[in-house]
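What follows is the residue order along each chain.
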Amino acid sequence: CKKIGEILLCKRKHVFGRHVTCETVCEHHSLSRFHAAVTFHSAGGVYMIDLDSSHGTHVNTTRLTPWVPTLLVEGSSIRFGGSTRVYMLRRPECNDLPDSLLDSNKLCNGKRASKSLPSSYP
């Protein structure tokens, strides 16, 4: 298993799919144009929603039911359709965040301080 990149989830809703308007455009032929979305609940949870994709979305080894939000936890593995690419959910370190996020979301109290985020971070 090799790390090939990171995706910073900066919006309240982050859509994965083949369509050019998705936040993360995936080229695998088995993915739907609008395949799945990660959403942030105001109470702090992070959820994956399959957008009624043709070939499904898996969190860990479970295929998601379309339109039913599934809670993600740090370390959750996510796979879309027939792609072998696996996405892992992890909290970013404060030093990994751009200044604009530190200021606008008040993560890490607006500064690059420690390697862990406040417990209130989703």
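See the structure printed just above.
Presented here is an overview of the structure given in this document. (Residues numbered from 1 in each chain as written. Predicted model: local features only at pLDDT ≥ 70, side-chain atom pairs only at ≥ 80, totals over all residues. Heavy atoms only, no water.)

Right, let's get into the side chain of S53. With respect to the helices and strands, the residue S53 is situated in the loop between β4 (46-50) and β5 (57-59). What makes S53 buried here is its relative accessible area of 8%. At a separation of 3.1 Å, a polar atom in the side chain of S53 contacts the main-chain amide nitrogen of G56. Those residues in contact with S53 that sit more than four places away from it in its chain are S32 and H35. (Helix = DSSP H or I, 4+ residues; strand = E, 2+ residues; numbered from the N terminus. Buried < 20%, exposed > 50% of the residue type's maximum accessible area, 1.4 Å probe, protein only. Polar contact = N/O pair within 3.5 Å; in protein donor to acceptor, adjacent residues only side chain to side chain. Contact = heavy atoms within 4.5 Å.)

Looking now at the state of the cysteines. Inspection of every chain in the model, using the stated rule, returns zero disulfides. With no disulfide of its own, C22 lies 7.6 Å from the sulfur of C26, the closest cysteine sulfur. Assessed through its relative accessible area of 8%, C26 is described here as buried. (Disulfide = S-S within 2.5 Å.)

Turning our eyes to something else, we now look at the nonpolar core. Core analysis: the biggest nonpolar cluster contains 15 residues, and M48, L72, I78 and F80 have the highest contact counts within it. Among the secondary structure elements, those contributing two or more residues to this core are β3 (36-40), β4 and β8 (77-80). Ranked by residues supplied to this core, first place goes to β3 with three residues. For I78, the contacting residues outside a window of four places in its chain are M48, T57, H58, V59, L72, R85, V86 and Y87. In this structure, C22, A37, I49 and L51 belong to the second largest nonpolar core, which totals five residues. (Core = buried A, V, L, I, M, F, W, Y, C linked by side-chain atoms within 4.5 Å.)

With that settled, the discussion passes to unusual backbone geometry. In most cases, non-glycine residues show a negative phi, while peptide bonds are predominantly trans. A positive phi angle, close to 60°, is found at D52, a residue other than glycine. The topology assignment puts D52 in the loop between β4 and β5. Located in the positive-phi region is W67, a residue other than glycine, with phi close to 70°. You can see W67 is positioned in the loop between β6 (62-63) and β7 (70-72). Relative accessible area serves as the criterion here: at 56%, W67 is assigned to the exposed category.

The next thing to look at is the side chain of H35. Here H35 is to be found in the loop between β2 (24-25) and β3. Setting aside residues no more than four positions away along its own chain, H35 makes contact with F16, G17, S30, D50, L51, S53, G56, T57, F80 and G81.

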